[in-house]
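# Tertiary structure, described
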Amino acid sequence: MLILGIETSCDETGLALYDSALPGRTGLLAHALHSQIAMHNEYGGVVPELASRDHIRYLVPLLTQVLKEANKDRTAIEAIAYTQGPGLAGALLTGAAFAHALAMALHCPVLGIHHLEGHLLSPLLSADDRPDFPFIALLVSGGHTQLMQVDGVGRYTLLGETLDDAAGECFDKAAKLLGLPYPGGPAISALALHGQAGHYALPRPMLRSGNLDFSFAGLKTAVLTQVKKMAQPLEDSQRANLARDFVDAVVDVLVFKSMSALRQTGIRNLVVAGGVGANLQLRAALSAATQQQGCKTYYPELELCTDNGAMIAFAAALRLEMPEYAPLKVDYGFSVRPRWPLSAL
Ligand code: KG4
Ligand code: ZN
């Protein structure tokens, strides 16, 4: 089945064509992304109204692009999947409206996908050796930090989550304090590669909490306190050292909690998904830690870590294999779910 995937939950417009009759990665015939980062950079964060308007601008050109790349006519599309939530309400509405209008015109079914389900199943798209269920998923994005037990498609149990800021949000805020551009995650991680560890004692929040929850607000405040103590402007080496200690602190917490989740459940496979999953320091530390415990870590390929349409089309393909989706209902009424806990699926 040829599935069009549409992602518009935040600041990337992503479209993809996935053919579920082909195995794994080969099914991804085309995917295209327009990032709004440059536009939002001026404001230091995502401006929701600008995000919605930009999605509207790019949906049609990106559809044309993926159809051309896959060498398909739009009438070949057999199902349309879009991000129904969670995310920015206006941004979600642009994708939902586009998906339903197109589905109506093509007389094909349309399917709302949970954004985080897209992220957490995305490592299955890339892996040559797909991890078997059950696995533990560490979901680390700009809006979420969660550890989930995944027993199958749609069978998710929340093991722990952040009580305040998400890991990505913490990366972005700390980067801003160091004068780095939005989104700060990639920038602060790149800067950290030039820094030396051990100059600034930053906390590892909730490391000994005895549960699998996280908290990152205190770490951001610790960076702020540290910056305020230092003579301004900071020297390049100071910024790099602080970035290094910051990244080390976040990575330590994420690795410790992920390993605890594996130990507590006896599960041997860890899947890392969401934008922060692109972080190279986190990838290296998790791979080393899981290997040491005889476990294995799976990641989506780097370009599919952050938001994209491929993960939405792929999640839809897996959902469509489930008996309750056959025959697929055709219903063109729609709503979006800006707040939608994954555990409610
Ligand atoms: O999953 P995502 O693209 O969007 C959401 O659903 O939130 O994640 C975006 C987040 C941002 O906070 C960004 O700074 C962070 O992922 N991020 C990174 C890296 N690449 C993206 N954080 C750390 N290191 C990276 N390399
Ligand atoms: Zn995301």
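Attention here is on the structure that accompanies the text. Nothing here was measured: the structure is a model prediction, and the numbers come from that model.

Our next topic: the coordination of the zinc ion (ligand 2). Ideal donor angles around a metal are set by the shape: a four-donor tetrahedron calls for 109.5 degrees, a six-donor octahedron for 90 or 180 degrees. On the protein side, the zinc ion (ligand 2) has His115 (NE2), His119 (NE2) and Asp307 (OD) as donor atoms, found 2.0 to 2.1 Å from it. Coordination of the zinc ion (ligand 2) draws on donor residues from a single chain, spaced H-x3-H-x187-D in sequence. With histidine 119 in helix 4 (residues 115-126) and aspartate 307 in the loop between strand 10 (296-298) and helix 10 (309-320), this residue pair connects regions lying 188 residues apart in the sequence. Like histidine 119, the residue aspartate 307 is buried in the burial classification.

Below, the discussion takes up the environment of glutamine 281. Tracing the backbone shows glutamine 281 in helix 9 (residues 280-292). A polar contact is formed between the side chain of glutamine 281 and the backbone oxygen of serine 189, at a distance of 3.0 Å.

Among the six residues in strand 1 (residues 2-7), six count as buried, and that is most of the element. Residues Leu2, Leu4 and Ile6 point to one face of strand 1 and Ile3, Gly5 and Glu7 to the other, with burial holding for every one of them. Here strand 1 folds back onto strand 2 (residues 12-19), and the loop between the two strands holds four residues. Sheet analysis places strand 1 next to strand 4 (residues 79-85), joined by four bridges and oriented parallel. Across the sheet, residue leucine 4 finds its bridge partner in strand 4, namely isoleucine 80.

Okay, the state of the cysteines next. One covalent bond between the sulfur atoms of two cysteine residues makes up a disulfide. Counting across every chain of the model gives zero disulfides. Cysteine 305 takes part in no disulfide bond, and the closest cysteine sulfur, belonging to cysteine 10, lies 16 Å away. Note on cysteine 305: relative accessible area 0%, which makes it buried.

A separate point is the layout of surface pockets. For the second largest pocket, the calculated volume is near 480 Å³. Lining the second largest pocket we find 22 residues, and of these Gln84, Val110, Leu111, Gly112 and Tyr325 sit closest to its centre. Elements with a minimum of two residues in the lining of the second largest pocket: strand 4 and strand 5 (110-114). Examining the composition of the lining of the second largest pocket, we find that five residues originate from one element, strand 5, more than from any other. Taken together, the residues of the lining of the second largest pocket sort by class into ten nonpolar, six polar and six charged.

Moving on, we come to the site of ligand 1. Around ligand 1, a shell composed of 19 residues is seen, among which Gly142, Asp172, Gly185, Gly275 and Asn279 lie nearest. Contact distances for ligand 1 include 3.1 Å between an oxygen atom and a side-chain N or O atom of histidine 119. Between ligand 1 and glycine 143, the relevant distance is 3.5 Å, taken from an oxygen atom to a main-chain nitrogen or oxygen of the residue. The fraction of the free accessible surface of ligand 1 (560 Å²) that becomes covered by protein chains is 87%. Of all elements in the fold, only helix 4, helix 5 (167-177) and helix 6 (184-192) reach the threshold of two or more residues within the shell around ligand 1. A breakdown of the residues in the shell around ligand 1 according to their chemical character gives five nonpolar, twelve polar and two charged.

Before going further, it helps to spend a moment on unusual backbone geometry. Between phenylalanine 133 and the following residue, proline 134, the backbone shows a cis peptide bond with an omega angle of -5 degrees. For proline 134, the location among the structural elements is in the loop between helix 4 and strand 6 (135-140). Omega for the peptide link from glutamine 232 to proline 233 comes to -10 degrees, which places this bond in the cis form. Phi at histidine 107 is positive, roughly 55 degrees, even though this residue is not glycine. Here histidine 107 is to be found in the loop between helix 3 (89-106) and strand 5. One non-glycine residue, methionine 206, lies in positive phi territory at about 60 degrees. Its place among the elements puts methionine 206 in the loop between helix 6 and helix 7 (217-229).

Let us now look at the side chain of serine 258. Along the chain, serine 258 turns up in helix 8 (residues 236-265). Since its relative accessible area comes to 0%, serine 258 is described here as buried. Apart from the residues lying within four places of it in its own chain, the contact partners of serine 258 are Leu138, Leu147, Leu270 and Leu286.

With that settled, consider the nonpolar core. Grouped together as the largest cluster of nonpolar side chains are 49 residues, with contacts concentrated most on Leu138, Ile188, Phe216, Phe246 and Leu282. Mapped by element, the contributors of at least two residues to this core are strand 6, helix 5, helix 6, helix 7, helix 8, strand 9 (269-273) and helix 9. With 14 residues, helix 8 is the single largest residue contributor to this core. Those residues within four positions of isoleucine 188 in sequence are excluded, and the remaining contacts are Phe171, Ala174, Ala175, Leu178, Leu180, Ala243, Phe246 and Val247. Counting 36 residues, the second-largest nonpolar core is a separate cluster that includes Ala16, Phe135, Ala313 and Ala317.

The rules behind each value
- Residues numbered from 1 in each chain as written.
- Chains lettered and ligands numbered in written order.
- Predicted model: local features only at pLDDT ≥ 70, side-chain atom pairs only at ≥ 80, totals over all residues.
- Heavy atoms only, no water.
- Donors = N, O, S within 2.8 Å, 3.2 Å for Na, K, Ca; no water.
- Helix = DSSP H or I, 4+ residues; strand = E, 2+ residues; numbered from the N terminus.
- Buried < 20%, exposed > 50% of the residue type's maximum accessible area, 1.4 Å probe, protein only.
- Polar contact = N/O pair within 3.5 Å; in protein donor to acceptor, adjacent residues only side chain to side chain.
- Pairing = 2+ DSSP bridges.
- Disulfide = S-S within 2.5 Å.
- 1 Å grid on protein atoms, 1.4 Å probe; cavity = no way out; pocket = protein on both sides within 12 Å on 5 of 7 lines; lining within 4 Å.
- Points joined across faces, edges and corners; volume = space filled by probe spheres on them.
- Nonpolar A, V, L, I, M, F, W, Y, C, P; charged D, E, K, R; others polar.
- Near = heavy atom within 4 Å.
- Areas by Shrake-Rupley, 256 points an atom, 1.4 Å probe, with all protein chains shown as cover.
- Contact = heavy atoms within 4.5 Å.
- Core = buried A, V, L, I, M, F, W, Y, C linked by side-chain atoms within 4.5 Å.

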